[in-house]
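# Architecture at a glance
For reference, the chains in residue letters:
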Amino acid sequence: MSTARTSNDAKKAGGYLKEKFTIGISRVTGDEVSRSIMKTTSHMLKAPKDKHLQRLLSATHGHCSADSLEKHKDMAAYIVEELEKRSHTHNWIVVLKTMITFHHILIDGSLSANRVMQRNRGLFCMRAVKDLADSPDGAAQKNFIEHYIRYLEERNISQARIDVDPRIETDEYLTVLKSMSNEVLAKAMTQLIQQLECIANIEFREVVVDNFATLDAYNLLIADGTRLYGMLANRMLYILERFDEMEIMAKQTWLSVYRRYAKCVHSLALLFQRLVSANRHFSSPIPKINEFPADVLMKLEQDVEYSSIPKET
């Protein structure tokens, strides 16, 4: 036990010294982007500092010092690659803060940075994540961080597969969903439901939310879950109002989508109820999830069954 603790302490000390060295070099070279990466994902147990995070997000849009631009020709690719390297550590704090930074890039980073992330299939691969349970705190946070990484992977995949420029944070995203044909919408909603499932299936443990970094991650997840739920509920209501008019094949498709939607929203409602009841202050508003009446599924199933009966000629 003592040997393992000494080894872990040595790793942390080594990581801390590497951070300090990189930050020191960046001050000499004027490379503010490299400094921001280290500052944003540091070993300090606190949420990424907004000043450094905003500087990093601006850099993905090409807004940074001339020294940084000259040193890194493809700025978006450099930022994503360096953050990926930061995630390959046993230190759970660095991994979590790196994932929070990736989350912010998915929300506010440039389109080119998002494209780089989408092309990197192994960016959120769990096999690349080292064992975070080599310390008591890491063991406690491990389950949540792994769920968080899976969500980010699914969000990254969803954005690529639906392949529209507006992101879920924008009003334009819902406008795009409204413009889709029912057939295309069914595929898009299936993808978004899969993304929401990654949030809804998180096992909330209040004891884990004992620091500002984990709290920050939960606030981002709450905001994403709220947006996804709102858009999905809007489009599902639209479909339910037109269900009677659909052909049998379309009804069968949407019945399958609705089953998955209803199960996911129920899980999300339970999660949000637990968050509201917790003795923690979340800055993201937690809405009350309104589920469709329980008999809706039964009525849809009956409709599909009746529509499947061959009509007498």
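Residues numbered from 1 in each chain as written. Predicted model: local features only at pLDDT ≥ 70, side-chain atom pairs only at ≥ 80, totals over all residues. Heavy atoms only, no water.

Relative to each other, helix H3 (residues 50-60) and helix H6 (residues 92-108) sit at 50 degrees, their axes nearing to 10 Å. Judged by the inter-axis angle, H3 sits oblique to H6. H3 and H6 meet at a crossing whose hand is right-handed. Together, Leu 53, Leu 56 and Leu 57 of H3 and Thr 101, His 104, Ile 105 and Asp 108 of H6 make up the contact between the two elements. Tallied by class, residues from the contact of H3 with H6 come to 4 nonpolar, 2 polar and 1 charged. (Axes fitted to C-alpha atoms, helices over the stretch in contact; angles between N-to-C directions. Helix = DSSP H or I, 4+ residues; strand = E, 2+ residues; numbered from the N terminus. Parallel < 35°, antiparallel > 145°, perpendicular 65-115°, else oblique. Left-handed = near helix turned anticlockwise from the far one by under 90°. Contact = heavy atoms within 4.5 Å. Nonpolar A, V, L, I, M, F, W, Y, C, P; charged D, E, K, R; others polar.)

So, on to the packing of helix H8 (residues 136-162) against helix H10 (residues 182-200). Running from N to C, H8 and H10 cross one another at 170 degrees; their axes reach a closest spacing of 8 Å. Here H8 is positioned roughly antiparallel relative to H10, judged by the angle of their axes. Contacts between H8 and H10 involve Arg 150, Tyr 151, Glu 154, Arg 155, Ile 157, Ser 158, Arg 161 and Ile 162 on the former and, on the latter, Ala 188, Gln 191, Leu 192, Gln 194, Gln 195, Cys 198 and Ile 199. Residues that form the contact of H8 with H10 fall into these classes: 7 nonpolar, 4 polar and 4 charged.

Within the fold, Ser 87 resides in the loop between helix H5 (75-86) and H6. A distance of 2.6 Å separates a polar side-chain atom of Ser 87 from the backbone oxygen of Glu 84. Leaving out residues up to four positions away in the same chain, Ser 87 has contacts with Val 95, Thr 98 and Met 99. (Polar contact = N/O pair within 3.5 Å; in protein donor to acceptor, adjacent residues only side chain to side chain.)

Core analysis: the largest hydrophobic core is formed by 91 residues, its most contacted members being Val 33, Ile 79, Leu 96, Phe 144, Tyr 148, Trp 254 and Tyr 261. If you tally residues by element for this core, the top one is helix H11 (residues 212-241), at 14 residues. Those residues within four positions of Phe 144 in sequence are excluded, and the remaining contacts are Leu 96, Ile 202, Val 208, Thr 214, Ala 217, Tyr 218 and Leu 221. (Core = buried A, V, L, I, M, F, W, Y, C linked by side-chain atoms within 4.5 Å. Buried < 20%, exposed > 50% of the residue type's maximum accessible area, 1.4 Å probe, protein only.)

Moving on, we come to the environment of Asp 171. Here Asp 171 shows up in helix H9 (residues 171-179). Taking the relative accessible area as the measure of exposure, Asp 171 reaches 67% and is therefore exposed. With 60 residues separating them along the chain, Asp 171 and Met 231 place their C-alpha atoms 9.8 Å apart.

Before going further, it helps to spend a moment on the pattern of salt bridges. Tallied over the full model, the rule gives 13 salt bridges. One salt bridge in this structure joins Glu 206 and Arg 280, with 3.4 Å as the shortest N-O distance. Separated by 74 residues along the polypeptide, Glu 206 in the loop between H10 and H11 and Arg 280 in the loop between helix H12 (248-277) and helix H13 (295-308) bring together distant segments of the chain. We classify Glu 206 as partly exposed; its relative accessible area is 29%. Residue Asp 224 pairs with Arg 227 through a salt bridge whose shortest N-O separation is 3.1 Å. (Salt bridge = Lys/Arg side-chain N within 4 Å of Asp/Glu carboxyl O.)

Time to look at the confidence of the model for the protein. Summary statistics for the protein give a mean pLDDT of 89 and a share of 89% for residues scoring 70 or more. Note that residues 19-26 has pLDDT below 50 and, in this model, 12 contacts with residues that lie over four places away or in other chains. (pLDDT = per-residue confidence, 0-100.)

Before going further, it helps to examine the packing of aromatic side chains. One pass over the structure, following the stated rule, counts 9 aromatic pairs. Ring geometry for Tyr 258 against Tyr 261: centres 6.1 Å apart, planes inclined by 40 degrees, an arrangement best described as tilted. One end of the pair is Tyr 258 and the other is Tyr 261, both in helix H12 and 3 residues apart, which spans about a single turn. Take Tyr 258 and Tyr 261: they sit in the same class, and that class is buried. Relative to Phe 292, the ring of Tyr 261 lies with its centre 6.0 Å away and its plane at 45 degrees, an arrangement referred to as tilted. Of the two residues, Tyr 261 sits in helix H12 while Phe 292 sits in the loop between H12 and H13, which places them 31 residues apart along the sequence. Given the relative accessible area of 3%, Tyr 261 is considered buried. (Phe/Tyr/Trp six-rings, centres within 6.5 Å; stacked < 30°, edge-to-face > 60°.)

Mapping Asp 303 onto the fold places it in helix H13. Not counting the four nearest positions on each side in its chain, Asp 303 is found in contact with Phe 243, Asp 244 and Lys 251.

Positive phi, normally seen in glycine, also occurs at Asp 163, with a value near 55 degrees. Along the polypeptide, Asp 163 turns up in the loop between H8 and H9. The partly exposed category is assigned to Asp 163, whose relative accessible area is 49%.

Take the environment of Gln 54 next. In this structure, Gln 54 sits in helix H3. Sequence-wise, Gln 54 and Gly 109 are 55 residues apart; in three dimensions their C-alpha atoms are separated by 9.6 Å.

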